[in-house]
Amino acid sequence: MARKMDPELLYVECAQCGHPLLWAAGDTTRILLGAGIDPASLDETCMIVSDGCPRCAPGEKVFSTHVVRLATDRPPARLASGAGAGTS
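Residues numbered from 1 in each chain as written. Predicted model: local features only at pLDDT ≥ 70, side-chain atom pairs only at ≥ 80, totals over all residues. Heavy atoms only, no water.

Just to check I follow, could you spell out the overall build of the protein for this structure?
Scanning the protein for helices and strands turns up one helix and four strands. Each helix and strand of the protein, ordered N terminal to C terminal, gives the series β-α-β-β-β. The buried share of the protein, reckoned over its 88 residues, is 34%. Taking all contacts inside the protein whose residues are at least 6 apart in sequence as the whole, residues at least 24 apart take part in 48%. Of the accessible surface of the protein, which amounts to about 5600 Å², a share of 55% is contributed by carbon and sulfur atoms. (Helix = DSSP H or I, 4+ residues; strand = E, 2+ residues; numbered from the N terminus. Buried < 20%, exposed > 50% of the residue type's maximum accessible area, 1.4 Å probe, protein only. Contact = heavy atoms within 4.5 Å. Areas by Shrake-Rupley, 256 points an atom, 1.4 Å probe, with all protein chains shown as cover.)

This is the structure in structure tokens:
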């Protein structure tokens, strides 16, 4: 039986500075569903990458994000993009 992954456990990182990002509870699921991504399609090889963060872009509140699936034998594949994701 396949295990269901909690999307709130996905790792989120800034692509600009590499800083890990912490979102409020429920934000990951809300952002995935808003972008049309089925959380059930994601697994432990997936992560969310933000195109900026408050650390490297002070004053900004909204950043584009995308979901990538990490693989050891090829570059990460972009699964989907979302705009308007807030980070904290």
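Next comes the rest of the account.
Quick question: what am I supposed to make of the nonpolar core here?
Nonpolar side chains tend to gather and get buried jointly when the protein is soluble and globular. Ranked by size, the top nonpolar core spans 13 residues in total, and within it Leu10, Trp23, Leu32, Leu42, Ile48 and Val67 carry the most contacts. For this core, the secondary-structure elements that each account for two or more residues are β1 (11–14), α1 (27–34) and β2 (46–50). With near-sequence residues (within four places) excluded, Leu10 lies in contact with Met5, Thr28, Leu32, Leu42, Asp43, Cys46, Met47 and Ile48. (Core = buried A, V, L, I, M, F, W, Y, C linked by side-chain atoms within 4.5 Å.)

What am I meant to see in the environment of Ala24 here?
Note on placement: Ala24 falls in the loop between β1 and α1. Residue Ala24 is classed as partly exposed on the basis of its relative accessible area, which comes to 42%. Linking Ala24 and Glu8, residues 16 residues apart in sequence, is a C-alpha distance of 9.3 Å.

Please clarify how the pairing of β1 should be interpreted in this entry.
The side chains of a regular strand alternate between both faces of the sheet. Of the two faces of β1, only the one carrying Val12 and Cys14 is buried; Tyr11 and Glu13 on the other face are not. Of the strand pairs in this sheet, β1 and β2 are connected by four bridges, and their pairing is parallel. In the strand pairing of β2, Glu13 is matched with Val49. Each parallel crossover has a hand, and for β1 linked through α1 to β2 it is left-handed. (Pairing = 2+ DSSP bridges. Right-handed = clockwise from strand over helix to strand, strands pointing away.)

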